[in-house]
Amino acid sequence: MSSPRDRRPRDPKRPGTTKRSGSRPDKRPRRPSSRPAGGGRPAASTRSSAGPTRGSGRGRARGRAAPPPPPLLRRTFHRGDPHKRIKFGGVLIVVVLLLFAGRLTQIQGLDAETYAEAASNLRLQTIDIPTLRGQITDVNGSPFALSVEVRKVFVDPEEVEEDERDRLIEELVTRFDLEEDEVAARVDARPSRYQVVATDILPRDWADLRELGLSGVGAEVDYRRVYPEGTGAADLVGFVGAEGYGLEGLEGYLDSTLAGEQGKRQVEVGSDGTQIPMAGGLVREPVPGQDVRLTLDRDLQWYTARVLAERVEELEAEGGSAIVMRPSGEILAMADYPTYSQDDISSSGPEEWANGAVHETFEPGSTNKVITMGAALEEGVTTPDTVYTVPYAIQYYDQTFRNSSNHGTQRLTVNGIMAQSSNVGTIKIADQVGAGVLHSYLKTFGLGQPTGLALPGEEAGILTDPEDWWGTQLPSVSIGHGLSVNAAQMASVYATIANGGVRAEPRVVAGTVDSEGEFTPSEPGERRRVISEETAEQLALMLEAVTSDEGTAPQARIDGYRVAGKTGTANRINPETGRYERGAYTATFAGFAPADAPELVVQVVLHNPQESYYGGEAAGPVFNDIMSFALRSMRVPPTNTEPPAIRLFGDEG
């Protein structure tokens, strides 16, 4: 086998060359072939049991290490000209320097302003400047909610002089009732430049501290939301959160109007990420929010809430609501109990925050009978003097309906059926009206749909389609069972009658007032005729008979005024089971005065009163108390007229 070729150029003077071109001497001893000449395996007899044979050349002794491989021959390199390499390296360095110089020229020359602005933006940030939130006031401008200017006190630890440190900490702790350890930690928080130590500080208190001339302390303008004590309007007005945004009630619903537009300021950001307000510039002036003027009267709101709370506590009821409104739809008071303190939100929860006057639904009971009577009169199926034979009880399919009191079988006019709140008499009239017609009037009066107030948490109640009414649904609905309403809906029903049969959509927002003091009224609500003026007058007389000696609520009468109203008592539904809860009732009273020239409507609801649950006995006195105060405070004069004699019984001439 030939040796591998040596591909180097041959040097004739180098010793050890062979005559064969490209060959190289092989100084290693050749390794004898261990194979026999025939190419097969060596026979076992050729191996000597005494060990390897010296100098035989036919094999390698077992156990002897293989000879090391010959060293590799290195290729010889000839050094080139060093001047060329130096020139090439120099050119390369020059090119790199030119690139750097060009980039530096671009940054510091051509694009200097762009890069300077970018660098500035890394240090400056835009922050919001708080603005003055609009007030919520009553119809006369008395506030239910307002914002007062306060100060946010901060320290710049880098600016606090060492010899003033202890005194600064002492003054902050003493004046603002702070923890010494926390204040000390903020004063010593270098390299920070901005540490807030106190919020909601009155301007005069900050001014007293500033007069001391201590280094490293400053203040920013801020605002705090304040709710005057004792207004009784927390459930309606609501409150704002820690960030100043409205969360509940009108504060939340009208947040975009009240909040205004925050200003913008640029502040420098330190190396540790803290803001340095002294280094910023004003970008945009804050725009104050608009004031919201309500239709409420603050004094009447306060009184309504107080009377309601006292009655709920007295009867150990679960809660209650009361509404005072004008026939034209403006709500003058809307109270709910239990309520909460807007200055101590953490001690209450969503259940207390809800406005029960629109959120809590209930079966209206006998207060719903006025719609059944109105439908019958308007459709011409009966008249106020039509006489009905009214037994104590009546069987309707598989259910027996009874009157609240057993007077035996009576001969009552429609006036008398209303005055005595006869269930059986009302069911007889409803049978003449029919399910479809009655349902249409319930809908037109505003039941089963939003009131138009658009208040947060409002529930529209339940009013099923007449196609879904089964056997006893018509008589049940006619006397106020099998449907649900909220207090504002029923107040609107009686306001419709007091308004001559025209339903004016209820409203609680009168309008807005801008920073210049200009008042912009809110859009007027929808108005629609529900019943004729004649029917409304007939119903008013029937409701006035309810407060007579023969009616169910003589305790609702007010000296000097003619009063129209209706009691209501209904079983309560257990929300967990969906069935009537044994021994649980809702007591209601709704009415208006003066009956002959209505000015005010009052609706009272008591949920599950314990000692007395009939509407006249439980809710009637609350109606009387609130209506009496409202008539005086609104300066409504007595009409000085006597109610006409109306026929209640069939045997009267």
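Residues numbered from 1 in each chain as written. Predicted model: local features only at pLDDT ≥ 70, side-chain atom pairs only at ≥ 80, totals over all residues. Heavy atoms only, no water.

Trainee: Quick question: what am I supposed to make of the pairing of strand β25 (residues 579–593) here?
Mentor: Two faces, one strand: in a regular strand the side chains alternate between the faces of the sheet. As defined by bridge partners, strand β24 (residues 564–574) adjoins β25 across ten bridges and the pair is classed as antiparallel. Bridge assignment links Thr567 to a residue of β25, and that residue is Phe589. Inspection of the sheet shows β25 paired to strand β26 (residues 600–607) by eight bridges, in the antiparallel sense. Bridge pairing in β26 places Ala587 opposite Leu606. (Pairing = 2+ DSSP bridges. Helix = DSSP H or I, 4+ residues; strand = E, 2+ residues; numbered from the N terminus.)

Trainee: How do you make sense of the nonpolar core when you look at a structure like this?
Mentor: Note on soluble globular proteins: their nonpolar side chains tend to be buried together. Among the nonpolar cores identified, the biggest contains 119 residues, and Ile323, Met334, Val370 and Leu447 are the most heavily contacted of them. The element best represented in this core is helix α17 (residues 487–498), accounting for nine residues. Not counting the four nearest positions on each side in its chain, Ile323 is found in contact with Ile331, Ala333, Met334, Ala357, Ala487, Ala488, Ala491, Val601, Val602 and Gln603. Counting 18 residues, the second largest nonpolar core, distinct from the first, contains Val173, Phe176, Leu214 and Val217. (Core = buried A, V, L, I, M, F, W, Y, C linked by side-chain atoms within 4.5 Å. Buried < 20%, exposed > 50% of the residue type's maximum accessible area, 1.4 Å probe, protein only. Contact = heavy atoms within 4.5 Å.)

Trainee: What is the right way to look at a negative patch on the surface in this model?
Mentor: A cluster of acidic side chains, namely Glu170, Asp177, Glu179, Glu180, Asp181 and Glu182, defines a negative patch on the protein surface. In terms of residues, the negative patch owes the most to one element, helix α4 (residues 180–187), which gives three residues. Counting through the fold element by element, Asp177 comes out in the loop between α3 (165–176) and α4. (Patch = residues over 30% accessible without salt bridge, like charges linked within 9 Å, V, L, I, M, F, W, Y side chains within 5 Å. Areas by Shrake-Rupley, 256 points an atom, 1.4 Å probe, with all protein chains shown as cover. Salt bridge = Lys/Arg side-chain N within 4 Å of Asp/Glu carboxyl O. Lys, Arg positive; Asp, Glu negative; His and termini not counted. Charge placed at Lys NZ, Arg CZ, Asp CG, Glu CD.)

Trainee: Could you clarify how one ought to interpret the confidence of the model for the protein chain in this entry?
Mentor: Note that predicted coordinates carrying low pLDDT should not be read in detail. Mean pLDDT over the protein chain: 86, with 82% of residues reaching 70 or higher. In this model residues 1–63 is a low-confidence stretch, pLDDT under 50, and it forms 32 contacts with partners more than four residues away in sequence or in other chains. (pLDDT = per-residue confidence, 0-100.)

Trainee: What is the right way to look at the sheet that holds strand β12 (residues 319–325) in this model?
Mentor: Taken in spatial order, the five strands of this open sheet run β13-β12-β26-β25-β24, and their pairing is antiparallel. The sheet terminates laterally at β13 (331–337) and β24, the two strands that pair on one side only. Adjacent strand axes in the sheet meet at a mean angle of 10° when their direction is disregarded. Bridge count between β12 and β13: six bridges; the pairing is antiparallel. In the sheet register, Ile323 faces β13, and the bridge partner there is Met334. Each of β12, β13 and β26 is contacted by helix α9 (residues 298–314), which is oriented at about 30° to β13, the strand it contacts most. (Axes fitted to C-alpha atoms, helices over the stretch in contact; angles between N-to-C directions.)

Trainee: Help me out: how do you make sense of the environment of Thr389 in this one?
Mentor: Relative to the elements of secondary structure, Thr389 occurs in strand β15 (residues 387–390). For Thr389, a relative accessible area of 33% translates into the label partly exposed. Spatially, the C-alpha atoms of Thr389 and Lys428 are 9.4 Å apart, while their sequence positions differ by 39 residues. What Thr389 contacts, discounting residues up to four positions off in sequence, is Thr409, Gln410, Arg411 and Lys428. One polar contact links Thr389 to Arg411, side chain to side chain, over a distance of 2.8 Å. (Polar contact = N/O pair within 3.5 Å; in protein donor to acceptor, adjacent residues only side chain to side chain.)

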